[in-house]
Amino acid sequence: MTAYALLIGLVVLERLAELVVARRNLAWARSRGGVEYGRRHYPWIVLAHVALLVTAPAEVWLLGRPFVPALGWPMLAVVALAQGLRWWCVATLGRQWNTRVVVVPGMPLVRRGPYRWLRHPNYVAVVAEGIALPLVHTAWLTALAFTVANAVLLVVRIRVEDRALALIGPDPAGRP
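One structure accompanies this document, and this report is about it. Quantities reported herein were computed from a predicted structural model and do not represent experimental measurements. (Residues numbered from 1 in each chain as written. Predicted model: local features only at pLDDT ≥ 70, side-chain atom pairs only at ≥ 80, totals over all residues. Heavy atoms only, no water.)

### A word on the overall build of the protein chain
Here comes step 1: Along its length, the protein chain carries 5 helices and 2 strands.
Here comes step 2: Against the compact-globule benchmark of 16 Å for 176 residues, the protein chain has a radius of gyration of 17 Å, which places it among compact chains.
Here comes step 3: Each principal axis of the C-alpha distribution contributes one length, and for the protein chain these read about 50 × 30 × 25 Å.
Here comes step 4: Within the span of the protein chain, comprising 176 residues, buried residues form 45% of the whole.
Here comes step 5: Long-range pairs, those at least 24 residues apart, make up 85% of the contacts in the protein chain between residues at least 6 apart in sequence.
Here comes step 6: Of the roughly 9,600 Å² of accessible surface on the protein chain, a fraction of 72% belongs to carbon and sulfur atoms.
Here comes step 7: Computing the positive centroid from 19 side-chain charges and the negative centroid from 8, the protein chain places the two 6 Å apart. (Helix = DSSP H or I, 4+ residues; strand = E, 2+ residues; numbered from the N terminus. Rg over C-alpha atoms; globule rule 2.2 N^0.38 Å. Buried < 20%, exposed > 50% of the residue type's maximum accessible area, 1.4 Å probe, protein only. Contact = heavy atoms within 4.5 Å. Areas by Shrake-Rupley, 256 points an atom, 1.4 Å probe, with all protein chains shown as cover. Lys, Arg positive; Asp, Glu negative; His and termini not counted. Charge placed at Lys NZ, Arg CZ, Asp CG, Glu CD.)

In structure tokens form, the structure reads like this:
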């Protein structure tokens, strides 16, 4: 459990780093006329992610979930890969990356990095991590609950984001 608590702590630190970057990028976007979309669903996304980071270790501790190496090590690898994908997205979008949906007038749609293949690669990272992080220590109830809640939130979020991105113009790469 100590190693798992350390892992959760590292993920919390990563989330805090994301928020620092997002806040800086939000200020940059607003200074250039950036418009935020989907404010109503954003607190629910924050709540879901906080709940993931609280309930996974709570489930392990309260329900005595064991570390099963055949499951835990592969899930840890998925968590690490998800972090790598997430930060590849952050680096690729640069100042346009945010935890919120913000469109800066005149900024082009990014079509490099992981965005060459997927319209929303960051959400692949979120889904993978949301399943894998709890399963590192067999917290399957948390993995299931977060996955369901996240799926509902992502349906809303992707609709909002796609509408906002449509303001930039059509995607000539033909991505959905």
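### Considering the packing of helix H1 (residues 2-31) against helix H3 (residues 69-93)
Here comes step 1: Running from amino to carboxyl end, H1 crosses H3 at an angle of 10°, the nearest separation of the two axes being 13 Å. Classified by the interaxial angle, the pair formed by H1 and H3 is roughly parallel. Only Leu-76, Gln-83, Arg-86, Trp-87 and Val-90 of H3 make contact with H1, whose side of the interface consists of Leu-7, Glu-14, Arg-15, Ala-17, Glu-18 and Val-21.
Here comes step 2: Across the contact of H1 with H3, the residue classes break down as 6 nonpolar, 1 polar and 4 charged. (Axes fitted to C-alpha atoms, helices over the stretch in contact; angles between N-to-C directions. Parallel < 35°, antiparallel > 145°, perpendicular 65-115°, else oblique. Nonpolar A, V, L, I, M, F, W, Y, C, P; charged D, E, K, R; others polar.)

### Things to note about the side chain of Asn-122
Here comes step 1: Structurally, Asn-122 is set in helix H4 (residues 121-135).
Here comes step 2: Those residues in contact with Asn-122 that sit more than four places away from it in its chain are Arg-86, Cys-89, Trp-97 and Tyr-115.

### With respect to the nonpolar core
Nonpolar side chains tend to gather and get buried jointly when the protein is soluble and globular.
Here comes step 1: Ranked by internal contacts, the top residues of the largest apolar core, which has 20 residues, are Tyr-4, Leu-7, Val-11, Met-75, Val-79, Leu-133 and Val-136.
Here comes step 2: For this core, the secondary-structure elements that each account for two or more residues are H1, helix H2 (42-63), H3, H4 and helix H5 (140-166).
Here comes step 3: Among the elements that make up this core, the one with the highest residue count is H2 (6 residues).
Here comes step 4: Excluding its chain neighbours within four sequence positions, the residues that come into contact with Val-79 are Ala-132, Leu-133 and Val-136.
Here comes step 5: Residues Val-21, Cys-89, Leu-93 and Ala-125 belong to the second largest nonpolar core, which totals 11 residues. (Core = buried A, V, L, I, M, F, W, Y, C linked by side-chain atoms within 4.5 Å.)

### Here we look at the side chain of Asn-150
Here comes step 1: The residue Asn-150 is located in helix H5 in this model.
Here comes step 2: Relative accessible area serves as the criterion here: at 5%, Asn-150 is assigned to the buried category.
Here comes step 3: For Asn-150, the contacting residues outside a window of four places in its chain are His-49, Val-126 and Val-127.

### A closer look at H3
Here comes step 1: Compared with the 36 Å implied by 1.5 Å per residue over 25 residues, the 36 Å span of H3 between its first and last C-alpha is a close match.
Here comes step 2: Of the residues making up H3, those classed as buried are Gly-72, Met-75, Val-79, Ala-82, Gln-83, Leu-85, Arg-86, Cys-89, Val-90, Thr-92 and Leu-93.
Here comes step 3: Residues of H3 that are buried sit in contact with H1 and H4.
Here comes step 4: Of the residues one or two after H3, Gly-94 is the one with positive phi, at around 55°. (Expected span 1.5 Å × (residues − 1).)

### Thoughts on the environment of Tyr-4
Here comes step 1: The residue Tyr-4 is located in helix H1 in this model.
Here comes step 2: Once residues lying within four places of it in the same chain are set aside, the contact partners of Tyr-4 are Ala-56, Pro-57, Val-60, Leu-133, Pro-134, Val-136 and His-137.

### Here we look at the pattern of salt bridges
Here comes step 1: Considering all chains together, one arrives at 11 salt bridges under this definition.
Here comes step 2: In this structure, Glu-14 and Arg-15 form a salt bridge, with 2.6 Å as the shortest nitrogen-oxygen distance.
Here comes step 3: Classification of Glu-14 as buried rests on a relative accessible area of 11%.
Here comes step 4: Exposure remark for Arg-15: the relative accessible area of 12% places this residue in the buried category.
Here comes step 5: Across the pair Glu-36 and Arg-30 runs a salt bridge whose closest N-O atoms are separated by 3.2 Å. (Salt bridge = Lys/Arg side-chain N within 4 Å of Asp/Glu carboxyl O.)

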